[in-house]
Amino acid sequence: SVESSPVSWHSYASLNQAGLGQGCRQQRQLLSDATMMGMSSGGSQTTGLICIYVLLLVILILTKLYDYNLGSITESSLWRSTDYGTTYEKLNDKVGLKTILSYLYVCPTNKRKIMLLTDPEIESSLLISSDEGATYQKYRLNFYIQSLLFHPKQEDWILAYSQDQKLYSSAEFGRRWQLIQEAVVPNRFYWSVMGSNKDPDLVHLEARTVDGHSQYLTCRMQNCTEANRNKPFPGYIDPDSLIVQDDYVFVQLTSGGRPHYYVSYRRNAFAQMKLPKYALPKDMHVISTDENQVFAAVQEWNQNDTYNLYISDTRGVYFTLALENVQSSRGPEGNVMIDLYEVAGIKGMFLANKKIDNQVKTFITYNKGRDWRLLQAPDTDLRGDPVHCLLPYCSLHLHLKVSENPYTSGIIASRDTAPSIIVASGNIGSELSDSDISMFVSSDAGNTWRQIFEEEHSVLYLDQGGVLVAMKHTSLPIRHLWLSFDEGRSWSKYSFTSIPLFVDGVLGEPGEETLIMTVFGHFSHRSEWQLVKVDYKSIFDRRCAEEDYRPWQLHSQGEACIMGAKRIYKKRKSERKCMQGKYAGAMESEPCVCTEADFDCDYGYERHSNGQCLPAFWFNPSSLSKDCSLGQSYLNSTGYRKVVSNNCTDGVREQYTAKPQKCPGKAPRGLRIVTADGKLTAEQGHNVTLMVQLEEGDVQRTLIQVDFGDGIAVSYVNLSSMEDGIKHVYHNVGIFRVTVQVDNSLGSDSAVLYLHVTCPLEHVHLSLPFVTTKNKEVNATAVLWPSQVGTLTYVWWYGNNTEPLITLEGSIAFKFTSEGMNTITVQVSAGNAILQDTKTIAVYEEFRSLRLSFSPNLDDYNPDIPEWRRDVSRVIKKALVEATGVPGQHILVAVLPGLPTAAELFVLPHQDPTGENKRPTEDLEQISELLIHKLNQNSVHFELKPGVQVLVHAAHLTAAPLVDLTPTHSGSAMLMLLSVVFVGLAVFVIYKFKRRVALPSPPSPSTQPGDSSLRLQRARHATPPSTPKRGSAGAQFAI
């Protein structure tokens, strides 16, 4: 290669403003993510990005300036060229001198229509042009656009996704908008696909419900009301899993800890995707849906950094293995990247990097993964020296990553208009390496390769591949590029600028037939943007004629039949320098006679070392006839299926094609009944969908009987009438035994499902005594609202136990062996919900209790809720302490549920920090006498609110329930309250009536006529309760 004079001429355009932004977009694709350091202004650092879009005759450029100190975009400029980049006009005055632009969109079906979005931090507006960006109209928005999606056919139809996750539609190219749906999952909305959807304005989307679930919805863009929304997939789907691509719709649903994948072909009912039985996938990515077939990468249970490639039948249901252990990596945003590359222009041709014994090697296939082979290394290196590389120990390995930046080529490139040319970076050796990288080219579709550079270069295709332009990948400024006119066999060096330029990207004009390219970059890290237009037309003095071409036949190592056809292309003769212009495609295509190589193994079959496809150990070939009825026919697989899009004819096609066969009469076998979502639970009052599955049996002549276990049963005359499942509503909670019985003339089968029907648990209240005696058994009960919610698990924490007690019952009995304050917590698990309540109980050897009553005005302010009772209990205790001078450690007050308002007063012994009881029994009695005395003298009162004084009295003799129940929750709670009362009457409380005269000042009592009180009496456990005497008045403390 020799250095030649500059090609034609250079055209410099200097843009004096640069900035950082998110670039311009075409539909959702971000067209640039490259950034560079720009100029400094006033000491603040700035960063710039250039965003270029080429229309039919126009180049539009959006530049933005980002100020690091301010943390925002401060300026933007819009530039337009109408002469392929020779001159540029600044359009800031046409969009608004103070307007800051953020995104540039071009309508894919009418490139004269342009849309600009303003910076949402400044304003929410869009600017619309219908004349290739010459003039604009501004429209204000009441939402902030995050991304746009143009309709594939209708140029004025657009979907807009807002920053608050709402989806809008416009039928007027953004001039008016209408809300479609709220809570839409990002990047999970799609236009209808022509041919698969009847309605061109149908929108597919994934939306979140109020409780956080995801569901698949469809609706019309201008009529998306709740009544008009459809749910093509029954039930919920996994978040962020909806894919609508060509004729296929994919969703994912995880149940039992395993993901399950479903597909709808041409918008028919969803079917579960069938992988080999023990693939047990952890992750799946749809690679391609071209030519009525799904190519998917599946990470199986025993894989970490590799994926297996699977290819499907036409419906996308049955998948067979194409290649194991394909290397994967993570992209800059954490996305999974599979080392698989589909070669443009040749259907069925892929390159993949496979991991073998910790070595990554590059393989190639020409028949959609039916056969793979290593790449033959070049015979000579760049200097012409021989390369000693013997297959399979040594081969050529390629990096298969495609550039996400449209202004730079990736490390591998091919074009539809140049089907035989592949350019890639890689290395020669036993495995793929990140060192010693060179550039290689193949001009015969991967059969042979040539080394073209010893360092990485970006390669641009011009003139349908008739001209290849290479530019070195480097962080240093450059002024040269390389050109090849003979498919990379020889290269010439050209200068494209007199001053070395830091190159940020290269852009070709629309269509690979052009010979104009634009290079953009900057002279220094602080310079303005520089755009260089390079025109190669002057190199050619004429267009190519028929005699300038030669035929070239596509082949794989000499085998001319590729995907069942022989294809011959036109190639320009390497010695002819003429401009090709429009791409002509293949000259001719001739079908081949079918051979075994045109057939892959069918689902459930595996290829053995002798080349035969035999059933896998887990597969029963006769199971494919389960949907067959006696007297009908079905296609009986031979173990082979023709590769989709293979065009071969005759030959062994008849031998390998599935044969029609009469349906055999079979007794039912392998019957199962499951819920549609795979769960064993259902919600009371809601539809549950049950699916009946049968491995074998005559589905058309079968009687199916389903008993739901709640007294309702149904019958069906054939299984096909139940394809969408059986819907049923349970009106009660419980565990129901669902049975299904299948009968035909040859036998029967049955299956059982135990279904747990529940309702949401809303509230848990822990009921137990406020005070109890040491070493005495205490009952604790969890009171639920609603009272019947289905199967529950109770977890109890009490005392100093480090391990919980787990029960299926809502009550437990236990003892405390030490005195003091103890907490008890109960957690109730109902499905995915766990609720809890915690209470404190005082434990002592002995104590005194007294029922308190209040002046009637307190009832007017009693809402009868636990929070109010706790607060008022604290106020009453404070009033008792102030009236009597008794230390607060001796007093416990608990306001009881219900009306009229009542409370329980407990007198407790007090222990010092050493744990020794310093208060004898007599002291408790003195405190109790003092409390009753003050209560009887109306000395205890408190102010509930300004002007509302409440008196506290000692109530008439009654038994303290010692529990806090909330009667508003359920009738069972009141029943429990009464039960505890009677237990207290029978066991805990001793009544003793005694009329006496209270002394004026305790502890030296004296008798005063008219006063009556009750002596505080300590009750012993062995003493039975006494019977109250008629006519006695006052109150009695009791243990």
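Predicted model only: the values in this text are computed from it and were never measured.

Caption draft 1: Expanded view of the overall build of the protein chain. Scanning the protein chain for helices and strands turns up five helices and 74 strands. Each of the 1039 residues in the protein chain was classed as buried or not, and the buried ones make up 51%. Of the contacts made within the protein chain by residues no fewer than 6 positions apart, 53% connect residues no fewer than 24 positions apart. As presented, the protein chain carries roughly 47,700 Å² of accessible surface, and 49% of it is formed by carbon and sulfur atoms.

Caption draft 2: Focus on the sheet that holds strand S18 (residues 202-208). With antiparallel pairing, three strands are arranged side by side in an open sheet as S17-S18-S19. Only two strands of the sheet have a single neighbouring strand rather than two, namely strand S17 (184-191) and strand S19 (214-220). Across the sheet, the mean angle separating the axes of adjacent strands is 20 degrees when strand polarity is ignored. Bridge analysis of S18 against S19 gives seven bridges, and the strand direction is antiparallel. The partner of valine 203 across the bridge, within S19, is cysteine 219.

Caption draft 3: Highlighting helix H3 (residues 866-884). Taking 1.5 Å per residue as the helical rise, H3 with its 19 residues ought to reach 27 Å, and the 27 Å between its terminal C-alpha atoms agrees with that figure. Residues of H3 that are buried include every one of Pro866, Trp868, Arg869, Val872, Ser873, Ile876, Ala879, Leu880 and Thr884, and no others. Projected down its long axis, H3 shows its buried positions confined to an angular sector of 140 degrees, all on one face. Facing away from the buried side of H3 by over 90 degrees, the exposed positions are Arg870, Arg874, Lys878 and Glu882. Remark: glycine 885 follows H3 within two positions and exhibits a positive phi of approximately 75 degrees.

Caption draft 4: Focus on the state of the cysteines. Summed over all chains, the structure comprises six disulfides. Across a sulfur-sulfur distance of 1.9 Å, cysteine 389 and cysteine 394 are joined as a disulfide pair. Of note, the bridge from cysteine 389 to cysteine 394 carries an S-S torsion of about -105 degrees and is left-handed in sense. When sorted by exposure, cysteine 389 lands in the same class as cysteine 394, which is buried. Put simply, cysteine 594 and cysteine 648 are joined by a disulfide, and their sulfur atoms are 2.0 Å apart. Taking the sign of the S-S torsion, 95 degrees for the link of cysteine 594 and cysteine 648, the bridge is right-handed. Of this pair, cysteine 594 sits in the loop between strand S47 (586-591) and strand S48 (599-601) while cysteine 648 sits in the loop between strand S52 (640-642) and helix H2 (653-656); the two residues are 54 residues apart in sequence, bridging distant segments of the chain.

Caption draft 5: Examining the sheet that holds strand S14 (residues 158-162) more closely. An order of S13-S14-S15-S16 is seen for the four strands of this open sheet, with the pairing classed as antiparallel. Across the chains shown, the open sheet's two edge strands, defined by having one partner strand only, are strand S13 (145-150) and strand S16 (178-181). The sheet shows a mean angle of 30 degrees between the axes of neighbouring strands, direction not considered. Pairing analysis gives three bridges linking strand S15 (residues 167-170) to S16, with the strands arranged antiparallel. Considered in S16, the bridge of leucine 167 is made with glutamine 181.

Caption draft 6: Looking closely at the packing of aromatic side chains. Taken as a whole, this structure holds 33 aromatic pairs when the rule is applied. Taken together, a centroid distance of 5.9 Å and an interplanar angle of 85 degrees make the contact between phenylalanine 143 and tryptophan 177 edge-to-face. With phenylalanine 143 in the loop between strand S12 (137-140) and S13 and tryptophan 177 in the loop between S15 and S16, this residue pair connects regions lying 34 residues apart in the sequence. An aromatic cluster of three or more residues is present, and its members are Tyr318, Tyr603, Tyr605, Trp618 and Phe619. Over the aromatic face of phenylalanine 363 sits the side chain of lysine 354, whose NZ or CZ is 5.9 Å from the ring centroid. The positively charged end of lysine 577 is found above the aromatic ring belonging to phenylalanine 485, 4.4 Å away from the centroid.

Caption draft 7: Representation of the pattern of salt bridges within the structure. A full pass over the atoms with the stated rule returns 37 salt bridges. Where glutamate 487 meets arginine 489, a salt bridge forms, and the shortest distance between an N and an O atom there is 3.2 Å. In this structure, glutamate 596 engages arginine 607 in a salt bridge whose closest nitrogen and oxygen atoms are separated by 2.7 Å. Here the residue glutamate 596 occupies a position in the loop between S47 and S48, and arginine 607 occupies one in strand S49 (residues 605-607), the gap between them amounting to 11 residues. Among the charged side chains, a network of salt bridges with common partners joins Arg370, Asp371, Glu596, Asp600 and Arg607.

Caption draft 8: Main features of the side chain of serine 855. Among the secondary structure elements, serine 855 is positioned in the loop between strand S70 (848-854) and H3. Of the polar contacts made by the side chain of serine 855, one reaches the side chain of asparagine 857; its length is 2.7 Å. Dropping the residues within four chain positions of it, serine 855 is found in contact with Gln949, Val950, Leu951 and His953.

Caption draft 9: The nonpolar core, seen in detail. Counting 28 residues, the largest nonpolar core has Leu852, Phe854, Ile876, Leu880, Leu905, Leu935 and Phe942 as its most contacted members. Counting residues per element, the ones that place at least two in this core are S70, H3, strand S71 (891-896), strand S72 (902-907), helix H4 (921-936) and strand S74 (948-954). Sort the elements by how many residues they give to this core and H4 lands first, with six residues. Those residues within four positions of leucine 935 in sequence are excluded, and the remaining contacts are Leu850, Leu852, Leu880, Val940, Val952, His953 and Ala954. Residues Leu351, Cys394, Ile562 and Met563 belong to the second largest nonpolar core, which totals 26 residues.

Caption draft 10: Summary view of the environment of threonine 448. Looking at the element boundaries, threonine 448 is found in the loop between strand S36 (438-442) and strand S37 (450-453). For the pair threonine 448 and aspartate 379, spaced 69 residues apart in sequence, the C-alpha separation works out to 8.9 Å. Not counting chain neighbours up to four residues away, the residues in contact with threonine 448 comprise Val441, Ser442 and Ser443.

Caption draft 11: Molecular detail of the side chain of threonine 218. As for its placement among the helices and strands, threonine 218 is situated in strand S19. Contacts of threonine 218, omitting those with residues within four sequence positions, involve Leu202, Val203, His204, Asn228, Arg229, Asn230 and Pro232.

Caption draft 12: Here's a closer look at the confidence of the model for the protein chain. Taken residue by residue, the protein chain gives an average pLDDT of 82. The fraction at 70 or more is 83%. In this model residues 1-14 is a low-confidence stretch, pLDDT under 50, and it forms 46 contacts with partners more than four residues away in sequence or in other chains. In the model, residues 957-1039 has pLDDT below 50 throughout and makes 180 contacts with residues more than four positions away in sequence or in other chains.

Caption draft 13: Here's a closer look at unusual backbone geometry. With an omega of 0 degrees, the peptide bond between leucine 391 and proline 392 qualifies as cis. The residue proline 392 is located in the loop between strand S32 (373-374) and strand S33 (395-398) in this model. The amide bond that connects tryptophan 785 to the next residue, proline 786, takes the cis arrangement and shows omega of -5 degrees. Structurally, proline 786 can be placed in the loop between strand S64 (778-785) and strand S65 (793-798). Phi is positive for glutamine 557, which is not a glycine, with a value near 50 degrees.

Caption draft 14: How the structure looks around the pairing of strand S57 (residues 703-707). A one-sided burial pattern is seen for S57, the buried positions being Ile704 and Val706 and the unburied ones Leu703, Gln705 and Asp707. In terms of strand pairing, S57 meets strand S60 (residues 734-744) through five bridges, oriented antiparallel. Pairing of glutamine 705 across the sheet is with glutamine 741, part of S60. Note: S57 against strand S58 (residues 713-716), four bridges, orientation antiparallel. Note on S58: the bridge partner recorded for glutamine 705 is serine 715. A loop of five residues connects S57 with S58, the two strands running antiparallel in sequence, and glycine 709 in this loop sits at a positive phi of about 85 degrees.

Caption draft 15: How the structure looks around a nonpolar patch on the surface. A cluster of nonpolar side chains, contributed by Ile735, Val752 and Tyr754, occupies part of the molecular surface with about 290 Å² of accessible area. Tracing the backbone shows isoleucine 735 in strand S60.

Caption draft 16: Seen up close, the environment of proline 259. When you line up the elements, proline 259 lands in strand S22 (residues 258-265). Along the primary structure proline 259 and leucine 280 are separated by 21 residues, whereas in three dimensions their C-alpha atoms are 8.5 Å apart.

Caption draft 17: Highlighting the environment of proline 804. Note on placement: proline 804 falls in the loop between S65 and strand S66 (805-807). Sequence spacing of proline 804 and valine 826 is 22 residues, and the spatial spacing of their C-alpha atoms is 9.4 Å. Filtering out sequence-adjacent residues up to four positions away, proline 804 remains in contact with Val795, Trp796 and Trp797.

Caption draft 18: Examining the pairing of S71 more closely. Most of S71 sits out of view: five of its six residues are buried. If you look at the hairpin formed by S71 and S72, you'll find five residues sitting between the two strands, and glycine 898 has a positive phi there, around 95 degrees.

Rules used in this analysis
- Residues numbered from 1 in each chain as written.
- Predicted model: local features only at pLDDT ≥ 70, side-chain atom pairs only at ≥ 80, totals over all residues.
- Heavy atoms only, no water.
- Helix = DSSP H or I, 4+ residues; strand = E, 2+ residues; numbered from the N terminus.
- Buried < 20%, exposed > 50% of the residue type's maximum accessible area, 1.4 Å probe, protein only.
- Contact = heavy atoms within 4.5 Å.
- Areas by Shrake-Rupley, 256 points an atom, 1.4 Å probe, with all protein chains shown as cover.
- Pairing = 2+ DSSP bridges.
- Axes fitted to C-alpha atoms, helices over the stretch in contact; angles between N-to-C directions.
- Expected span 1.5 Å × (residues − 1).
- Arc of directions from axis to C-beta.
- Disulfide = S-S within 2.5 Å.
- Phe/Tyr/Trp six-rings, centres within 6.5 Å; stacked < 30°, edge-to-face > 60°.
- Lys NZ or Arg CZ within 6 Å of the ring centre and 35° of its normal.
- Salt bridge = Lys/Arg side-chain N within 4 Å of Asp/Glu carboxyl O.
- Polar contact = N/O pair within 3.5 Å; in protein donor to acceptor, adjacent residues only side chain to side chain.
- Core = buried A, V, L, I, M, F, W, Y, C linked by side-chain atoms within 4.5 Å.
- pLDDT = per-residue confidence, 0-100.
- Patch = residues over 30% accessible without salt bridge, like charges linked within 9 Å, V, L, I, M, F, W, Y side chains within 5 Å.

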